[in-house]
Amino acid sequence: MSARVAMATAAPLVGDRGDGGAIPGADALRVGVVQFPGTLDDRDALRAVTLSGAQAVPLWHGDDSLSDVDAVILPGGFSYGDYLRCGAIARFAPLMTAVVDAAKGGMPVLGICNGFQVLCESHLLPGALIRNDHQRFICRDQELVMENTDTTWTRDYSTGETITIPLKNGEGGFVADPATLDQLEDEGLVVARYHGFNPNGSQRDIAGITNARGNVVGLMPHPEHAVEAGFGTDSANGMRAGVDGQGFFTSALRSLLSA
Amino acid sequence: MTTTASPGASSDKRVKETVEFAAQNPDVEQPFAELGLKHDEYLKIRDVLGRRPTSAELAMYSVMWSEHCSYKSSKVHLRKFGDNVTDDMKKNLLVGIGENAGVVDIGDGWAVTFKVESHNSPSYVEPYQGAATGVGGIVRDIISMGARPVAVMDQLRFGAIDHPDTARVLPGVVGGISGYGNSLGLPNIGGETVFDPSYQGNPLVNALAVGVLRHEDIRLANASGKGNKVVLFGARTGGDGIGGASILASESFDDSKPSKRPAVQVGDPFAEKVLIECCLELFHADTVEGIQDLGAAGISCATSELASNGDGGMHITLEDVLLRDPTLTPEEILMSESQERMMAVVRPDKLDEFLAITGKWEVEASVLGEVTDTGRLVIEWHGDVIVDVPPRSVAHDGPVYERPFETPSWTESTQKNTVAAAGLTKPATDDELRETVLTLAASPNLCSKDWITQQFDRYVQGNTALAFPDDAGVIRVDEQSGRGIALATDANGRYCFLDPAEGAKLALSEAHRNVATSGARPLAVTDCLNFGSPEDPEIMWQFAQTVEGLSSACLDFGIPVTGGNVSMYNQTGTTAILPTPVVGVLGVFDDVGRAIPSGWRLPGQTIYLLGTTGDELDGSAWADVVHGHLGGVPPRYRPEAERELAEILINASRDGMIDAAHDLSEGGLAQAIVESSLRWGAGARIWVTELLERDGIDLFTALFSESTARAIVAVPRSEEVRFSDMCTARGFPFVRIGMTDVGDEDHPNSLEFVDHFTIGLDELAQAHNGTLPHQFG
């Protein structure tokens, strides 16, 4: 894009990718993105990893090995058609044994949407995700307030910061028993809450949570769809210029580099 | 017909109705009429075969010679699309009409395939599954060309918004598109939703899919190479979507079979998603010689089309089809429309690799037989030949009808019943005009469709640059260069009712204008022609006029029809739907970074109206919403002005002169300004004096006339000179009509028609956004 055109219109034009959020020195890091049958947002997660400066590594659900990756993303979609329960079948994929072991050993693991559901089914995170309270799929640009910004995946945000990333789910209502919800809040394990509008009936407006160690994060909205100007959310900077999701990916890389 | 095991048969699955038996027993009475065949069609089958058909052959011919599969009423007219094409129009066409979908060259070695298809009647019977499998079917057409599907759109028509049955049909249809499309990982980037009582018993569910591929990856539906294997893969074949075959099956030997089966197919989006990825890997490994999806008429269609497009022969063993229901008869297997199935032709030396890939994706596959050079399609069932036919006679040489047509008796009186002749009361005061703007903005056909589109994933794949409610959907194809495509579809059934030929031209005009408004250069056309019964000469006249109009408009715009679909018999009793030719236009961007949205965000930009406005209110949204009136003639078709307008919009977007552009169509200037303001909640001050003087019209006409070849644009101050110079140099009429304005502490964000009336954006948004949630919860 020529500078002349960019200056001529007050708003950045679509496709103005800029430098993105690539982290210097991250190119040696390998971030795996798991593909289950029915996974949909895997290519988007791979793109987000690439834009953040690391190597994006596709991982196949049927494999046993994590292929020496430094972090793992379980992307969105409808693994196994959401049959039985969202994430209930994917949990038993051969690769998930390795993912669970690695997560328990401290490897950064991010579950987005269906990936969040898989993390809950795998008992890496508490609670469950159920059908939206209004019974319909919903796709919208969603405001979140960031809470715990000490996790591996959120350190590039500040607590109380409002971000906007796409949300798109049919079964995104976060539920848990009151004791678990209290515990999540008391121990500061809520990563983000819906702001302004609760799109799916999630209890206490919870959009994402972490484990106590902070290496495993589950998030219902989609940060990987707000990493590239022109294809992100509408924002004050212009149409689809929103890149508020980048921080999740850069956070993990910065965490790995400083470890 | 009674089917018993032949004496000495080793299998109780053997049937009496073999080719040999049919030849020896010519006088068996056959239920051809119940299967939808006319007596002379049945005689033609006997003539082709030189004997009576077996029940399996009768099943195949009956579905393949149906209106839906054979286009027997429309064929003679559709030829016009092929005849009215210049060499220049064909220069970007890699594959034309006749294949599963047309393929268009978009440059840099990239190609795009796109098509729109109907799934109307299943969606009325069972809205969720009907709409879902409509999406599934069109997506498989796209995969069959070797392309990766990248987006879908839907064109919906329902009865009156407040009719009780609409509350059943609409949420089901939207849920089906959402449930199926979202699960495939395909962004839904646009479409139309229109309400009109004529669609009450015949809602229209058209679905468009678009895919991308490299030129060298094009796949065609043909079975070539003697000895190549024929493989059926994907979901198992079940008893859904069999329809008429139940007549043949009704007296079968086994009465323990499930008796009630859905006539509408049941979709499994998970199976389709896996099938998409599996097919792309099969293509990538170069394991496929020819491929065909299984849609209407299932295996009957796939085998006969593959064979007749290739070396002309095929021999398959039908008992090797993997079944969901082991009690299915051969006739049912041949007719079943079970979803998520594909048929491939594979070289023997590639078969192991092919099966390894289907195995990786846990997709079931069975080798049914092989390609032959006999010129015959031979199908065996447990050792007996039950089908032995020339495949072309099934797939391509079906009946062709020159159905009689005549101008409807009411045409003249309807066209004379203009807005002026009917003496419709027009709003006179500023208050009445203000009310009319709000009423139109809230009316079912012009209100916000967010309630629907929020149920569709527009983000997945990460390449969506524009989606609803912008004028066109825009998808990036090449992530490096930004090369991409724009798509828009349109059809105004009211215009088409008043004058089908002009209405069709206007549908193409508007889709073309929408694509250009987004900044893309229009390249190619697809269509889905939805009509009533072709056996009614007045309906047939509408159809003939439409094809005539559309093909001549394609010549005017210099872009070809690459493929499409015809849906007839959309009528209940003698009440036919409004003629609804959905026209889709594909455009190309060198860089989707130039895509222009339909609304403005920033204050202080100048709003120009491009084009001229006349008194053209017949068939308008205003006449419909305020007076329930439909008469007169549609707005004038102006191809030269449209092409010039398109050039201006494309250049302005390419050179960064405009920040917003929106075409004027239903609801006229008022509705366009409403939509552009509500896109991002930024108001405007509008002054119309210069426009009224130049065009010699009153404020009402300026606001609500639907004259064609018009658009509004928002131009940053720094670009005003360059933009107005361009319009002047091209001699295209343009007039400054206002300024974007987001309000301040003293005056709220609003839409102000200076010296006339003001509407606060909150009030406007409430009116525009409230209609669908109020109706559907």
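Quick caveat: nothing in here was measured; it's all calculated off a predicted structure. The numbering scheme is per chain: residues are counted from 1 as the chain's sequence reads. Following the order in which they are written, the chains are lettered starting with A and the ligands numbered starting with 1. Per-residue local features of the predicted model are confined to residues with pLDDT of at least 70, and side-chain atom pairs are confined, for both listing and counting, to 80 or more; whole-chain, interface and lining totals are unaffected and use all residues.

**Side note on the overall build of chain B**
Inference 1: Helix and strand definitions here come from DSSP, where helices need a minimum of 4 consecutive H or I residues and strands a minimum of 2 consecutive E residues; each element is numbered from the N-terminal end. A count of helices and strands for chain B gives 29 helices and 28 strands.
Inference 2: Throughout, the radius of gyration refers to the C-alpha atoms, and the reference size of a globule is 2.2 Å times the residue count to the power 0.38. Computed over C-alpha atoms, the radius of gyration of chain B comes to 27 Å, within 12% of the 28 Å expected from 2.2 N^0.38 for 777 residues, which places it in the range of a compact globule.
Inference 3: With respect to the principal axes defined by its C-alpha atoms, chain B has extents near 95 × 55 × 50 Å.
Inference 4: The proportion of buried residues among the 777 residues of chain B is 61%.
Inference 5: Of all intrachain contacts in chain B linking residues separated by at least 6 positions in sequence, the fraction that spans at least 24 positions is 84%. The burial label depends on the number of other C-beta atoms within 10 Å of a residue's C-beta. Counts of 20 or more mean buried, 12 or fewer mean exposed, and intermediate counts mean partly exposed, with C-beta atoms placed from the backbone. Each residue gets a C-beta atom placed from its backbone, and two residues are in contact if those atoms lie within 7 Å.

**Here we look at the interface of chain A and chain B**
Inference 1: Contact residues are listed per partner, giving 34 residues for chain A and 37 residues for chain B.
Inference 2: Elements with a contribution of two residues or more to the side of chain A that touches chain B: α1 (3-8), α2 (42-52), β6 (138-146), β7 (162-169) and β13 (238-242) of chain A.
Inference 3: Partitioned by chemical class, the residues of the side of chain A that touches chain B number 17 nonpolar, eight polar and nine charged. Residue type decides the class: Asp, Glu, Lys and Arg count as charged, Ala, Val, Leu, Ile, Met, Phe, Trp, Tyr, Cys and Pro as nonpolar, and the leftover types, Gly among them, as polar.

**Points about the nonpolar core**
Inference 1: Residues of type Ala, Val, Leu, Ile, Met, Phe, Trp, Tyr and Cys that are buried and joined through C-beta atoms within 7 Å form what is called a nonpolar core. If you look at the biggest cluster of nonpolar residues, it comprises 318 residues, and the most contacted ones within it are Ile-485 and Val-713 of chain B.
Inference 2: With residues up to four places along the chain from it excluded, the contact list for Ile-485 of chain B reads Ile-106, Val-112, Val-210, Ile-475, Val-477, Leu-586, Gly-587, Val-588 and Phe-589 of chain B.

**Overview of the domain arrangement of chain B**
Residues and elements named next belong to chain B.
Inference 1: Here the limits of each domain have been adopted from an automatic or database domain assignment. Taken domain by domain, chain B comprises domain 1 (15-83), domain 2 (84-216 + 409-776) and domain 3 (226-372).
Inference 2: The C-alpha centroid of domain 3 is placed 38 Å from the C-alpha centroid of domain 2.
Inference 3: At the interface, 23 residues of domain 2 touch 21 residues of domain 3.
Inference 4: Within the residue set of the side of domain 2 that touches domain 3, elements represented by two or more residues are α7 (120-125), α8 (127-144), β4 (148-158) and α9 (166-184).
Inference 5: Broken down by element, the side of domain 2 that touches domain 3 gets its largest block of residues, eleven residues, from α8.
Inference 6: Residues that form the side of domain 2 that touches domain 3 fall into these classes: eight nonpolar, eleven polar and four charged.

**Concerning the sheet that holds strand β14 (residues 464-466) of chain B**
All names here are of chain B.
Inference 1: Taken in spatial order, the six strands make up an open sheet running β14-β15-β16-β21-β17-β18, and their pairing is mixed. Strands with a single pairing partner mark the edges of an open sheet, and in this sheet they are β14 and β18 (561-567). Within the sheet, the average angular offset between the axes of one strand and its neighbour, ignoring direction, is 20°.
Inference 2: What makes two strands pair is DSSP finding at least two bridges between them. With four bridges connecting them, strand β15 (residues 473-476) and strand β16 (residues 484-490) associate as antiparallel partners. Residue pairing for β16: Arg-476 is matched across the bridge by Gly-484.
Inference 3: Relative to the sheet, helix α22 (residues 537-557) contacts β17 (521-530), β18 and β21 (580-589), its axis offset from that of β17 by approximately 175°. With axes taken as lines fitted to C-alpha atoms, and helix axes fitted only over the stretch in contact, angles between N-to-C directions fall between 0 and 180 degrees.

**Details of the packing of helix α5 (residues 75-83) of chain B against α22 of chain B**
Residue and element names in this part refer to chain B.
Inference 1: Interaxial distance between α5 and α22 falls to 9 Å at its minimum, and their mutual angle equals 5°. Compared by their axis directions, α5 and α22 come out roughly parallel. The residues of α22 that touch α5, namely those facing His-77, Leu-78, Lys-80 and Phe-81, are Phe-543, Ala-544, Val-547, Glu-548 and Ser-551. Should an angle fall under 35 degrees it is called roughly parallel, over 145 degrees roughly antiparallel, and 65 to 115 degrees roughly perpendicular, with every other angle called oblique.

**Observations concerning the sheet that holds strand β25 (residues 711-715) of chain B**
Within a sheet, neighbouring strands are paired by backbone hydrogen bonds and run either parallel or antiparallel to one another.
Residue and element names in this part refer to chain B.
Inference 1: With mixed pairing, the seven strands of this open sheet are ordered in space as β23-β25-β22-β26-β24-β27-β28. Both edges of this open sheet fall to β23 (660-663) and β28 (757-760), since each of them pairs with a single strand only. Each adjacent strand pair in this sheet contributes to an overall mean axis angle of 20°, direction not counted.
Inference 2: In the sheet, strand β24 (residues 684-686) pairs with strand β27 (residues 750-753) via three bridges, with the strands oriented parallel. Each residue of the ladder has a partner; that of Arg-685, found in β27, is Glu-752.
Inference 3: In the packing of helix α24 (residues 639-654) onto the sheet, the strands contacted are β22 (606-610), β23 and β25, and the crossing angle to β25 comes to about 25°.

**Here's the deal with the confidence of the model for chain B**
Residue and element names in this part refer to chain B.
Inference 1: On average, residues of chain B score 93 in pLDDT, and 95% of them are at 70 or above.
Inference 2: Below pLDDT 50 for its whole length, residues 1-10 participates in 16 contacts with residues either more than four positions away or in separate chains.
Inference 3: On the interface metric, ipTM, the complex scores 0.91, and its pTM is 0.93. Think of pLDDT as the predictor's per-residue confidence, scored from 0 to 100.

**Thoughts on helix α3 (residues 94-104) of chain A**
Residue and element names in this part refer to chain A.
Inference 1: Every buried residue of α3 is accounted for by Leu-95, Met-96, Val-99 and Ala-103. Each buried residue of α3 lies within a common arc of 95° when the element is viewed along its axis, so the set occupies one face. Residues of α3 that are exposed and point more than 90 degrees away from the buried face comprise Pro-94 and Asp-101.
Inference 2: Along its buried surface, α3 packs onto β1 (30-35), β2 (55-60), β3 (71-74), β4 (109-112) and β11 (216-219).
Inference 3: Just downstream of α3 lies Gly-106, where phi reads positive at about 105°. This arc is taken over the directions from the axis of the helix to the C-beta atoms.

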